[in-house]
Amino acid sequence: MIDWLQKKNYWNLGELKAYIEEQYEIVFSSQQSYYEIFDAAGSRKEKISKT
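Definitions and cut-offs
- Residues numbered from 1 in each chain as written.
- Predicted model: local features only at pLDDT ≥ 70, side-chain atom pairs only at ≥ 80, totals over all residues.
- Heavy atoms only, no water.
- Helix = DSSP H or I, 4+ residues; strand = E, 2+ residues; numbered from the N terminus.
- Buried < 20%, exposed > 50% of the residue type's maximum accessible area, 1.4 Å probe, protein only.
- Contact = heavy atoms within 4.5 Å.
- Areas by Shrake-Rupley, 256 points an atom, 1.4 Å probe, with all protein chains shown as cover.
- Axes fitted to C-alpha atoms, helices over the stretch in contact; angles between N-to-C directions.
- Parallel < 35°, antiparallel > 145°, perpendicular 65-115°, else oblique.
- Nonpolar A, V, L, I, M, F, W, Y, C, P; charged D, E, K, R; others polar.
- Expected span 1.5 Å × (residues − 1).
- Arc of directions from axis to C-beta.

**Focus: the overall build of the chain**
And then number 1: Secondary structure assignment for the chain yields three helices and two strands.
And then number 2: Going from N to C terminus, the chain has its helices and strands arranged as α-β-α-α-β.
And then number 3: By residue count, 25% of the 51 residues in the chain fall in the buried class.
And then number 4: In the chain, of all internal contacts separated by at least 6 residues, the share reaching a separation of at least 24 is 49%.
And then number 5: Working note: accessible area of the chain is about 3,700 Å², and carbon and sulfur atoms make up 46% of it.

So this is what it looks like as structure tokens:
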């Protein structure tokens, strides 16, 4: 999942949610969990889209 994010030019919260649900059958109850994944992948705020 981290590798998948790092290969993208931009990061989208909706895409990350869909990817995790499709690949791992997991849906986090808190959006904070998704942002922690962005952080683990070395996110930059300008690279993240909330849509």
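**Considerations on the environment of Gln 23**
And then number 1: Among the structural elements, Gln 23 can be located in helix α2 (residues 13–24).
And then number 2: Relative accessible area serves as the criterion here: at 49%, Gln 23 is assigned to the partly exposed category.
And then number 3: A sequence separation of 22 residues divides Gln 23 from Met 1, and the C-alpha atoms of the two residues are 8.9 Å apart.

**Some details on the packing of α2 against helix α3 (residues 31–40)**
The packing of two helices is summarised by the inter-axis angle and the distance between the axes.
And then number 1: Two elements in contact, α2 and α3, have axes separated by 11 Å at closest approach and are oriented at 95°. By the angle between their directions, the pair α2 and α3 is classed as roughly perpendicular. On the side of α2, the interface is formed by Leu 13, Leu 16, Lys 17 and Ile 20, while α3 contributes Gln 31, Tyr 34, Tyr 35, Ile 37 and Phe 38.
And then number 2: When grouped by side-chain class, the residues that make up the contact of α2 with α3 number seven nonpolar, one polar and one charged.

**A look at α2**
And then number 1: Across its 12 residues, α2 extends 16 Å between first and last C-alpha, which sits within 8% of the 16 Å expected from 1.5 Å per residue.
And then number 2: Inspection of α2 places Leu 13, Leu 16, Tyr 19 and Ile 20 among the buried residues, and these make up the whole buried set. When α2 is viewed along its axis, its buried side chains cluster within an angular range of 125° and face the same direction.
And then number 3: Contact partners of the buried residues in α2: α1 (2–6), β1 (11–12), α3 and β2 (48–49).

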